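Per-entry structural report
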Amino acid sequence: MTIKRYGVEGGTGTGGQKLPFARAVEADGWLYISGQTPMRDGEVVEGGIIEQTQLAFENCLTIMREAGYSVEDVVHVTAVLTDARYFSSFNKVFSEIFSGNPPARICSVQDLVVDCKVEVDMKCFRADRK
């Protein structure tokens, strides 16, 4: 089994800090995407839960596509919201992205270390990449 790491050269977090983890890791057909927040160029993009959810997913999907996976390969999503009242708006965006092939999911409410409303990660699988 080989392990390939994407983005270890250093992503940028808030305040320009170099992030100490890979954006994604591929192993035995699985792609594990690190939690993504609604950031662009190392800064949280302001907006409501819908805009922030769209951008957090966009960041995950960009990493996924760079690694050669597609939305149909997503098998599990973990989502963290900072307020339970965001749940229905989050679900609206989630349903748009995964309309044809919904993955398994867990969604919880917690504080985040970044000042935003949502963080998501994904696990993808392709048997031909084993």
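Look a little higher up for the structure.
Below: a short report on this structure.

Calculation notes
Residues numbered from 1 in each chain as written. Predicted model: local features only at pLDDT ≥ 70, side-chain atom pairs only at ≥ 80, totals over all residues. Heavy atoms only, no water. Helix = DSSP H or I, 4+ residues; strand = E, 2+ residues; numbered from the N terminus. Rg over C-alpha atoms; globule rule 2.2 N^0.38 Å. Buried < 20%, exposed > 50% of the residue type's maximum accessible area, 1.4 Å probe, protein only. Contact = heavy atoms within 4.5 Å. Lys, Arg positive; Asp, Glu negative; His and termini not counted. Charge placed at Lys NZ, Arg CZ, Asp CG, Glu CD. Core = buried A, V, L, I, M, F, W, Y, C linked by side-chain atoms within 4.5 Å.

Looking at the overall build of the protein
Scanning the protein for helices and strands turns up two helices and eight strands. Of the regular secondary structure in the protein, the N- to C-terminal order runs β-β-β-β-β-α-β-α-β-β. Taken against the 2.2 N^0.38 rule, which gives 14 Å for 130 residues, the C-alpha radius of gyration of the protein at 14 Å falls within 12% of a compact globule. Along the longest, intermediate and shortest principal axes, the C-alpha atoms of the protein span 40 × 35 × 20 Å. Evaluated residue by residue, the protein yields a buried proportion of 40% over its 130 residues. Pairs at least 24 apart in sequence give 70% of the contacts found in the protein among residues at least 6 apart. In the protein, the 14 positive side-chain charges and the 18 negative ones have mean positions that sit 4 Å from each other.

Quick word on the nonpolar core
Grouped together as the largest cluster of nonpolar side chains are 26 residues, with contacts concentrated most on Leu-31, Ile-33, Phe-57 and Met-122. Counting only elements with at least two residues in this core, the list comes to strand S3 (30-36), helix H1 (49-66), strand S6 (74-81), helix H2 (87-97) and strand S8 (118-125). Ranked by the residues each element gives to this core, the list is headed by H1, at seven residues. Apart from the residues within four sequence positions on either side, Phe-57 is in contact with Val-77, Phe-90, Val-93, Phe-94, Ile-97, Phe-98, Val-120 and Met-122. With six residues, the next largest nonpolar core counts Val-44, Val-80, Leu-112 and Val-114 among its residues.

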